[in-house]
Amino acid sequence: MIGFLFRLYKIDNPVADWHSFRQADTASVTRNFVNKGVNLLVPTYHDHSNIQSGKDNPNGYRMVEFPLYNYLHYLTYSIFPRLGLDMAGRLTSVILSMVSIYMVYLIGNKLSGFFVGWIAALFMAVLPFNVYYSRVILPEPLMISTLLLSYWLLLVASESFGLKKVFLILTSSVFLAISILVKPFALFFALPHLAILFRILIRKEINIL
C-alpha cells in the first residue's frame with residue numbers, strides 16, 4: 001500500500017519528464033491501437049521520419065519490442081477512459097510494479113527468510129528511482145514483473161514433483177519468453193534461471209513420468 005500510494009503522487013503529470021520522448025513513442029503506439037484498432041504484429045506510431053532507423057518510414061511502423069505493454073495500456077484505457085491515455089499508461093505501470101514488489105518479497109522470503117524478503121520489497125517500494133521508473137509509460141515494468149514471476153515459478157518448481165514440476169517449469173518458460181519479447185535484453189537476467197535448472201538436473205529431481 002505504501003508503494004502504491006507513492007506511485008499515485010502526481011500520476012496525472014503530462015509526459016514531459018525524463019525519457020519523455022521514449023514515453024511519448026510508447027504511448028503513441030497505444031493511441032494508434034485506440035484510433036485504428038489493435039494489431040500486435042504491425043504496431044505503428046506517429047513518427048514517420050527516418051531518424052530512428054535511417055530508413056524512410058511512411059507507414060509509421062514501430063518495430064522495436066513486441067507491444068504487449070501497449071496492449072495492457074490499451075486495456076487499462078478501455079476500462080478507465082476518463083483517466084486519459086497518459087494517466088492510464090502510468091497506472092498500467094504502477095499495477096505491474098505492484099506485482100514486481102510482491103514477487104521480490106516472495107523470492108527474498110523463500111531464499112533468505114521473511115526479514116530479507118520484507119526489506120527487499122520495502123526498498124523497491126520506496127526508493128525514489130524505483131518509484132519513478134515503475135510509473136513511466138515504458139515496457140520495462142512489464143519486463144521486470146514477468147521476469148520476476150518466471151524466476152519465482154522456477155524456484156517453486158525446484159521443490160515440487162511430478163506433473164506439478166513440469167507445469168511450473170513450462171509456465172515459468174512462458175513468462176520468461178514474454179519478458180524477452182517485451183525487452184530482448186531480459187535474456188541477460190536469466191542467469192538465475194540457469195542456476196536453478198542446473199541444480200534441479202544435478203539433484204535428478206525432474207521426473208516427467
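Further up the page is the structure itself.
Residues numbered from 1 in each chain as written. Predicted model: local features only at pLDDT ≥ 70, side-chain atom pairs only at ≥ 80, totals over all residues. Heavy atoms only, no water.

Draft legend 1. Structural detail: the overall build of the chain. Broken down by element type, the chain carries nine helices and zero strands. Secondary structure elements of the chain occur, N-terminal to C-terminal, as α-α-α-α-α-α-α-α-α. Going through the 209 residues of the chain one by one, you find that 42% of them count as buried. Counting contacts in the chain only where the partners sit at least 6 residues apart, residues at least 24 apart contribute 65% of the total. For the chain, the exposed area adds up to about 12,000 Å²; of that, 70% sits on carbon and sulfur atoms. Charge separation in the chain, taken as the distance between the mean sites of 17 positive and 10 negative side-chain charges, equals 8 Å. (Helix = DSSP H or I, 4+ residues; strand = E, 2+ residues; numbered from the N terminus. Buried < 20%, exposed > 50% of the residue type's maximum accessible area, 1.4 Å probe, protein only. Contact = heavy atoms within 4.5 Å. Areas by Shrake-Rupley, 256 points an atom, 1.4 Å probe, with all protein chains shown as cover. Lys, Arg positive; Asp, Glu negative; His and termini not counted. Charge placed at Lys NZ, Arg CZ, Asp CG, Glu CD.)

Draft legend 2. Focus on the packing of helix α3 (residues 68-79) against helix α4 (residues 84-112). The N-to-C vectors of α3 and α4 enclose an angle of 115°; their axes lie 8 Å apart at closest approach. Note that α3 runs across α4; the crossing there is right-handed. Residues Tyr 69, Leu 72, His 73, Thr 76 and Tyr 77 of α3 pack against Gly 84, Leu 85, Ala 88, Gly 89, Leu 91, Thr 92, Ser 93 and Leu 96 of α4. When grouped by side-chain class, the residues that make up the contact of α3 with α4 number seven nonpolar, six polar and no charged. (Axes fitted to C-alpha atoms, helices over the stretch in contact; angles between N-to-C directions. Left-handed = near helix turned anticlockwise from the far one by under 90°. Nonpolar A, V, L, I, M, F, W, Y, C, P; charged D, E, K, R; others polar.)

Draft legend 3. Spatial organisation of the packing of α4 against helix α7 (residues 140-157). In the contact formed by α4 and α7, the axes pass within 8 Å of each other and the chain directions differ by 30°. Here α4 lies roughly parallel to α7, going by the angle between them. As for how α4 packs across α7, the hand of that crossing is left-handed. Two secondary-structure elements touch here, α4 through Ser 93, Leu 96, Val 99, Ser 100, Met 103, Val 104, Leu 106, Ile 107, Lys 110 and Leu 111 and α7 through Pro 141, Leu 142, Ile 144, Ser 145, Leu 148, Leu 149, Tyr 151, Trp 152, Leu 155 and Val 156. For the contact of α4 with α7, a count of residues per class yields 16 nonpolar, three polar and one charged. (Parallel < 35°, antiparallel > 145°, perpendicular 65-115°, else oblique.)

Draft legend 4. Spatial organisation of the pattern of salt bridges. What the rule picks out here adds up to four salt bridges. With its nearest N and O atoms 3.0 Å apart, the salt bridge here joins Glu 140 to Arg 22. Taken together, the residues span a long stretch of sequence, with Glu 140 in helix α7 and Arg 22 in helix α2 (residues 20-36) at a distance of 118 residues. The buried category is assigned to Glu 140, whose relative accessible area is 18%. Measuring nitrogen to oxygen at the nearest pair gives 4.0 Å for the salt bridge that ties Asp 25 to Arg 62. Linking Asp 25 in helix α2 with Arg 62 in the loop between α2 and α3, this pair joins segments that are 37 residues apart in sequence. In terms of burial, Asp 25 and Arg 62 fall into one category: buried. (Salt bridge = Lys/Arg side-chain N within 4 Å of Asp/Glu carboxyl O.)

Draft legend 5. Representation of a nonpolar patch on the surface in the model. Taken together, the side chains of Ile 2, Leu 5, Phe 6 and Leu 8 make up a nonpolar region of the molecular surface, amounting to roughly 370 Å² of accessible area. Locating Ile 2 in the fold gives a position in helix α1 (residues 2-7). (Patch = residues over 30% accessible without salt bridge, like charges linked within 9 Å, V, L, I, M, F, W, Y side chains within 5 Å.)

Draft legend 6. Here's a closer look at the side chain of Asp 47. Following the sequence through the fold, Asp 47 ends up in the loop between α2 and α3. At 7.0 Å, Arg 62 is the nearest oppositely charged side chain to Asp 47, a buried residue that forms no salt bridge. Of note is the side chain of Asp 47, whose polar atom sits 2.6 Å from the side chain of Ser 49. Apart from the residues within four sequence positions on either side, Asp 47 is in contact with Gln 52, Asn 57 and Gly 60. (Polar contact = N/O pair within 3.5 Å; in protein donor to acceptor, adjacent residues only side chain to side chain.)

Draft legend 7. Fine view of the packing of aromatic side chains. Summed over all chains, the structure comprises six aromatic pairs. Aromatic pair Tyr 71 and Tyr 74: ring centres 6.2 Å apart, planes at 25°, arrangement stacked. Of the two residues, Tyr 71 and Tyr 74 both sit in helix α3, three residues apart, roughly one turn of that helix. For the ring pair Tyr 102 and Tyr 105, a centre distance of 6.4 Å and an interplane angle of 25° mean the geometry is stacked. With a gap of three residues between them, Tyr 102 and Tyr 105 both fall in helix α4, about one helical turn apart. In textbook terms, an aromatic cluster arises when at least three aromatic residues are bridged by ring pairs, as seen for Tyr 102, Tyr 105 and Phe 114. Taking NZ or CZ as reference, Arg 62 lies 5.0 Å from the ring centre of Tyr 45, over its face. (Phe/Tyr/Trp six-rings, centres within 6.5 Å; stacked < 30°, edge-to-face > 60°. Lys NZ or Arg CZ within 6 Å of the ring centre and 35° of its normal.)

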